[in-house]
Amino acid sequence: MRDDNAARMNLRLLLRPLAFIAVLLLLWEIGIRRQSSHLLPGPWGTVEGIVDLVRHGLLLKYIVASLFRVTWGFTLAAALAIPLGLAVGWYRRAEMALNPILQILRPISPLAWIPIAILWFGVGDLAAIFLIFVGCFFPLMLTAINAVRSIPAVYVNAGRNFGLGTPSLVYRVLYPAVVPNLIVGLRITLGIAWLVVVAAEMIAVSSGLGFLIVDARNAGNRYDLVVAGMLIIGVIGLLLDLGMQSLEKVKSFRWGYSED
Amino acid sequence: MNGFSQPGRVERVFWPILATALLLALWCYSVRWSGTRVFPSPVEVERGLAELLRHHVLWGDIVDSLRRVAYGYGAAVAIGVPLGLTLGWYPAANQVVNPVMQILRPISPIAWIPVAIIFFGVGDDAAVFLIFLGSFFPIVVAAINGVSSVPAVYRHAGRNFGLTPPQLLAKVLFPAALPQILVGLRIALGIAWLVVVAAEMIAVDSGLGYLVIDSRNSGKRYDLVVAAILLIGVIGLVLDVLFRRLEKLRSVRWGFRFES
Amino acid sequence: MSQTQSVIAPTALKTKLSVDRVSMVFERDGKQTDVLDDIDLEVGDGEFVCLLGPSGCGKTTLLNAMAGFLSPTSGEIRVDGEIVRKPDPRRIFVFQERGVFPWLTVEGNIGFGLSKLPRAEREKRIAHYVKMVGLQGFEKTYPQELSGGMKQRLEVARALAVNPDMLLLDEPFGALDSITRLIMRGELLRIWEAERKTIIFVTHDIDEAVQLADRVVVMSARPATIQQIVNIDVPHPRDISSQRYLQLRDGIFQQIGLAHKL
């Protein structure tokens with residue numbers, strides 16, 4: 001009896017969001033039908049757009065192109081910003097020295113760097129990767145600095161108390177203590193990277209999902225492809241976020257997140 | 001010397017100035033050393049800034065950008081906070097809406113540009129819409145998380161004193177969630193500032209983003225490009241600092257752990 | 001279980017709270033746990049009763065049911081003859097000091113339940129209870145800046161300010177240091193003698209129970225049953241080295257199965 005009830009509950013939990021999505025799709029379709037211009041596609045038109053993209057082999061190509069840029073830009077930024085940020089966070093004077101510069105550079109929209117990126121790297125992959133790098137570098141560095149600075153002094157003192165030298169103090173106390181904060185920062189930053197790559201591709205290169213959107217609109221108002229592109233951007237962004245979230249669940253990092 | 005020693009007051013001024021001076025010198029020297037004609041030196045940037053100020057275009061652009069942020073962000077706050085509170089308050093409703101939000105959230109606001117232009121044409125409204133989209137989701141998510149992480153003790157206490165559900169929301173859940181909501185609002189403001197610059201580079205013909213792209217396109221005035229970029233950084237920083245003031249208010253300070 | 005010292009509630013008191021054959025079953029991941037098993041209890045008006053038992057035995061669950069936060073699986077709880085179905089300002093639950101609202105000042109916290117009163121009356125009451133719990137000078141202070149004992153007194157003041165007939169205290173002094181805890185017990189007795197509220201006090205500290213209560217309800221480990229109800233017939237202020245006091249205390253120690261020699 002109880003198992004049956006539980007199964008029914010689960011089904012209901014699943015059905016309600018699905019019903020909500022169905023209602024939204026229906027409203028979308030009705031809204032499109034009632035509109036006179038026929039520029040925007042309905043849900044069905046969007047599906048056809050996706051099928052169209054797959055048939056021309058463009059979808060996979062553009063997804064790969066976008067992910068390629070994100071991977072490079074994000075990885076480079078993480079590889080440079082995290083060690084640098086950890087070091088700067090540890091030495092109080094270095095943090096004081098660099099803080100004003102970082103604070104000014106950080107709120108600059110990565111896209112504002114586009115003219116400079118094109119000047120330095122020309123129109124192409126490198127420019128896009130540079131933009132993603134810039135977009136990720138400053139938030140990551142600030143996260144790393146804050147992560148070190150918020151390590152409770154007790155941990156460091158306890159480590160010293162057990163006679164750890166600097167290298168083992170870094171490896172056995174500081175590193176595990178900052179990892180939870182770093183992972184949160186990485187997750188947020190990956191979201192920014194995904195946001196930047198789409199924008200960069202709309203302006204600075206001629207492939208990728210961002211380019212798809214601009215190109216589909218400019219070359220013949222194919223708004224079905226525009227909306228299809230947006231949807232795919234959403235889904236991939238969600239998958240990236242879920243991937244980073246699963247890192248937060250790894251046992252040895254878990255202590256940093258609230259218990260319930 | 002590690003992060004736990006206290007540097008004196010003189011050092012607080014000395015180190016930032018030294019680091020900034022070194023950076024400027026490095027910039028100046030590499031411009032001269034590379035013999036570039038296009039990329040400006042710090043002195044040229046300063047002259048460019050003065051020129052912008054003299055022709056009074058700068059103030060107009062700053063006001064345009066800030067106005068768009070104010071409208072788009074304001075609307076996102078006005079709708080996002082109550083919606084997030086409600087969804088956090090009714091977990092069943094949240095379960096229904098959550099999947100849709102999870103898909104819409106990672107779509108780069110920039111990717112909405114073609115759609116925004118259909119709805120609103122090229123102009124302020126399109127930019128405001130993009131800013132709204134960019135800041136809306138982080139705000140809603142922060143409000144949902146804020147409410148659902150309010151300790152049960154507070155809810156019980158509120159109910160115990162005979163509060164009706166609307167009173168409970170206004171007098172217990174909202175103040176209890178406010179610190180977390182403020183963090184979300186600050187992040188969303190950063191995103192709004194990032195999006196406005198990007199939107200202005202594509203969808204309108206005024207504002208700081210337009211200044212960047214226009215300075216490049218009309219005559220490769222890279223001194224103006226860099227001046228505008230730095231200005232974007234400074235204004236973003238000012239917005240952030242102003243917002244942090246809010247977090248120091250006494251009725252929310254309890255929620256910020258690292259405040260002394 | 002022999003009930004050598006069990007005593008019926010003093011007949012002079014009108015019954016305030018009655019717990020009638022209450023059982024509670026929790027279900028988690030399809031597994032059933034019996035938490036309360038057939039509890040019967042009567043508490044008189046103005047009486048001070050301690051629920052005593054080992055940690056996790058279900059005494060907090062019983063208190064939550066009395067407050068109306070949980071409803072029993074079977075049986076019923078009545079206050080003044082009325083079945084308890086939801087929380088009510090006439091009986092206020094006092095958590096360990098975690099229950100004070102960090103976003104309100106001392107004044108704001110005490111005035112929390114008084115929003116229906118006219119302003120002058122409200123301020124008079126706030127001032128009265130600020131004084132009663134000795135927080136004068138801290139009216140505008142936020143809880144973050146108060147000590148544990150002060151926060152605890154603040155929560156008691158917030159509860160008393162709405163003039164409830166009953167206070168339900170859940171290990172209120174558990175998080176305090178032992179000196180503060182002793183002082184707080186004295187304060188609570190003083191307040192109780194002044195206002196004569198019915199008090200149900202949950203604790204796992206035998207000394208605390210015997211020092212405070214008119215009657216101590218000794219509960220067994222999960223599923224909780226009432227093992228014994230001990231009438232503490234020592235008048236306040238209690239001499240905690242008197243023969244009778246020690247006898248009662250040792251009786252409970254033995255009942256719980258602890259020898260009092262370590």
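Residues numbered from 1 in each chain as written. Chains lettered and ligands numbered in written order. Predicted model: local features only at pLDDT ≥ 70, side-chain atom pairs only at ≥ 80, totals over all residues.

## Examining the overall build of chain A
Here comes step 1: When helices and strands are counted, chain A shows 10 helices and 0 strands.
Here comes step 2: For the C-alpha atoms alone, the extent of chain A along its principal axes is close to 75 × 70 × 30 Å.
Here comes step 3: For chain A, the residues scored as buried account for 37% of the 260 residues in total.
Here comes step 4: Across chain A, the fraction of contacts at a sequence separation of at least 24, relative to all contacts at a separation of at least 6, is 72%. (Helix = DSSP H or I, 4+ residues; strand = E, 2+ residues; numbered from the N terminus. Buried ≥ 20, exposed ≤ 12 C-beta atoms within 10 Å, placed from the backbone. Contact = placed C-beta atoms within 7 Å.)

## Looking at the overall build of chain B
Here comes step 1: A count of helical and extended segments in chain B gives 11 helices and 0 strands.
Here comes step 2: Element order for chain B, N to C, with α for helix and β for strand: α-α-α-α-α-α-α-α-α-α-α.
Here comes step 3: By the compact-globule yardstick of 18 Å for 260 residues, chain B is too spread out, its C-alpha radius of gyration being 23 Å.
Here comes step 4: In terms of its C-alpha atoms, chain B occupies a principal-axis envelope of roughly 75 × 60 × 30 Å.
Here comes step 5: A buried classification covers 44% of the 260 residues belonging to chain B.
Here comes step 6: Look at the contacts in chain B between residues 6 or more apart in sequence, and 73% of them connect residues 24 or more apart. (Rg over C-alpha atoms; globule rule 2.2 N^0.38 Å.)

## Here we look at the interface of chain B and chain A
Here comes step 1: Contacts between chain B and chain A engage 55 residues on the former and 53 residues on the latter.
Here comes step 2: Elements with a minimum of two residues in the side of chain B that touches chain A: helix H1 (9-34), helix H4 (91-104), helix H5 (113-120), helix H8 (165-202), helix H9 (208-217) and helix H10 (222-247) of chain B.
Here comes step 3: Its residues placed into classes, the side of chain B that touches chain A shows 39 nonpolar, 12 polar and 4 charged. (Nonpolar A, V, L, I, M, F, W, Y, C, P; charged D, E, K, R; others polar.)

## Some thoughts on the packing of helix H6 (residues 124-148) of chain B against H8 of chain B
All names here are of chain B.
Here comes step 1: Two elements in contact, H6 and H8, have axes separated by 7 Å at closest approach and are oriented at 160°. Of the possible angle classes, the one that applies to H6 and H8 is roughly antiparallel. Considering how the two elements wind past one another, H6 and H8 form a crossing that is right-handed.
Here comes step 2: Among the residues making up the contact of H6 with H8, the classes are represented as 21 nonpolar, 6 polar and 1 charged. (Axes fitted to C-alpha atoms, helices over the stretch in contact; angles between N-to-C directions. Parallel < 35°, antiparallel > 145°, perpendicular 65-115°, else oblique. Left-handed = near helix turned anticlockwise from the far one by under 90°.)

## As for the domain arrangement of chain A
By a frequent convention, interface size equals the accessible area lost on bringing the separate parts together.
Here comes step 1: The domains assigned to chain A are domain 1 (1-38) and domain 2 (47-256).
Here comes step 2: The centre of domain 1 of chain A, based on its C-alpha atoms, is set 34 Å off from the matching centre of domain 2 of chain A. (Domains from an automatic or database assignment.)

## Details of the environment of serine 74 of chain C
All names here are of chain C.
Here comes step 1: By secondary structure assignment, the location of serine 74 is in strand S4 (residues 74-79).
Here comes step 2: Overall, serine 74 belongs to the exposed group, with 11 C-beta atoms counted inside 10 Å.
Here comes step 3: Sequence separation between serine 74 and aspartate 239 is 165 residues; the distance between their C-alpha atoms is 41 Å.

## What to know about the sheet that holds strand S6 (residues 91-94) of chain C
Residue and element names in this part refer to chain C.
Here comes step 1: Spatially, 6 strands are ordered S6-S7-S8-S3-S9-S10 in an open sheet, and the strand pairing comes out mixed. Pairing within the sheet leaves two strands with one partner each, and these edge strands are S6 and strand S10 (226-231). Strand-to-strand twist in this sheet, taken as the mean axis angle between neighbours without regard to direction, amounts to 15°.
Here comes step 2: When strand S3 (residues 48-52) meets strand S8 (residues 198-203), the two strands line up parallel, connected through 5 bridges. (Pairing = 2+ DSSP bridges.)

## Quick look at the pairing of S3 of chain C
All names here are of chain C.
Here comes step 1: Of all 5 residues making up S3, 5 are buried, and the element is well covered by its neighbours.
Here comes step 2: On S3, burial covers both faces: Phe48, Cys50 and Leu52 on one face and Val49 and Leu51 on the other are all buried.
Here comes step 3: Relative to strand S9 (residues 215-219), S3 runs parallel, the two sharing 4 bridges. Each bridged residue has a counterpart across the sheet, and for leucine 52 the counterpart in S9 is valine 218.

## Details of the sheet that holds strand S1 (residues 15-28) of chain C
As a general point, the strands of a sheet are linked pairwise by backbone hydrogen bonds and lie either parallel or antiparallel.
Residue and element names in this part refer to chain C.
Here comes step 1: Across the sheet, which stays open at both edges, the 4 strands sit in the order S2-S1-S4-S5 with antiparallel pairing between neighbours. Strand pairing shows two members of the sheet lacking a second neighbour, strand S2 (31-44) and strand S5 (82-83), which therefore form its edges.
Here comes step 2: For S1 and S2, the ladder comprises 10 bridges, and the chain directions are antiparallel. Bridge assignment links glutamate 27 to a residue of S2, and that residue is glutamine 32.

## Regarding the nonpolar core
Here comes step 1: Ranked by internal contacts, the top residues of the largest apolar core, which has 221 residues, are Leu131 and Ile132 of chain A, Leu130 and Ile131 of chain B together with Val216 of chain C.
Here comes step 2: Sort the elements by how many residues they give to this core and H8 of chain B lands first, with 22 residues.
Here comes step 3: Non-local contacts of valine 216 of chain C, meaning those with residues more than four positions away in its chain, are made with Cys50, Leu52, Ala209, Val210, Val230, Ile232 and Ile252 of chain C. (Core = buried A, V, L, I, M, F, W, Y, C linked by C-beta atoms within 7 Å.)

## Here we look at the confidence of the model for chain A
Here comes step 1: The predicted model of chain A has a mean per-residue pLDDT of 83, with 92% of residues at 70 or higher.
Here comes step 2: Confidence, read as mean pLDDT per element, is least for helix H1 (residues 2-34) of chain A in chain A (77) and greatest for helix H3 (residues 58-90) of chain A (91). (pLDDT = per-residue confidence, 0-100.)

## As for the environment of lysine 59 of chain C
Here comes step 1: Relative to the elements of secondary structure, lysine 59 of chain C occurs in helix H1 (residues 59-67).
Here comes step 2: Dropping the residues within four chain positions of it, lysine 59 of chain C is found in contact with Leu51, Gly53, Val202, Met219 and Ala224 of chain C.

## Examining unusual backbone geometry
All names here are of chain C.
Here comes step 1: A positive phi is found at aspartate 38, a non-glycine position, where the angle reads about 55°.
Here comes step 2: With 15 C-beta atoms packed within 10 Å, aspartate 38 lands in the partly exposed category.
Here comes step 3: One non-glycine residue, asparagine 163, adopts positive backbone phi at about 55°.
Here comes step 4: The class of asparagine 163 is partly exposed, set by 14 C-beta atoms lying within 10 Å.

## Quick notes on helix H5 (residues 114-121) of chain A
Here comes step 1: Turning to H5 of chain A, its buried residues are Ile114, Pro115, Ile116 and Ala117 of chain A.
Here comes step 2: Among the structural elements, helix H6 (125-149) and helix H8 (166-203) of chain A together with H9 and H10 of chain B are those in contact with the buried residues of H5 of chain A.
Here comes step 3: At the C-terminal side of H5 of chain A, glycine 122 of chain A shows a positive phi close to 75°.

## What about the pairing of strand S7 (residues 166-170) of chain C?
Residue and element names in this part refer to chain C.
Here comes step 1: Most of S7 is tucked away: 5 of the 5 residues are buried.
Here comes step 2: Bridge count between S6 and S7: 4 bridges; the pairing is parallel. Counted as the bridge partner of phenylalanine 93 is leucine 168 from S7.
Here comes step 3: As defined by bridge partners, S7 adjoins S8 across 5 bridges and the pair is classed as parallel. Across the sheet, residue leucine 167 finds its bridge partner in S8, namely isoleucine 199.
Here comes step 4: As a crossover connection, the stretch from S7 through helix H5 (residues 178-195) into S8 is right-handed. (Right-handed = clockwise from strand over helix to strand, strands pointing away.)

## Overview of the confidence of the model for chain B
Residue and element names in this part refer to chain B.
Here comes step 1: In the predicted model, chain B carries a mean pLDDT of 85, and the fraction of residues at 70 or more is 95%.
Here comes step 2: Within chain B, helix H11 (residues 250-253) has the poorest average pLDDT of any element, 73, and helix H3 (residues 57-89) the best, 92.
Here comes step 3: For this predicted complex, the interface confidence score (ipTM) comes to 0.80, while the overall pTM stands at 0.80.

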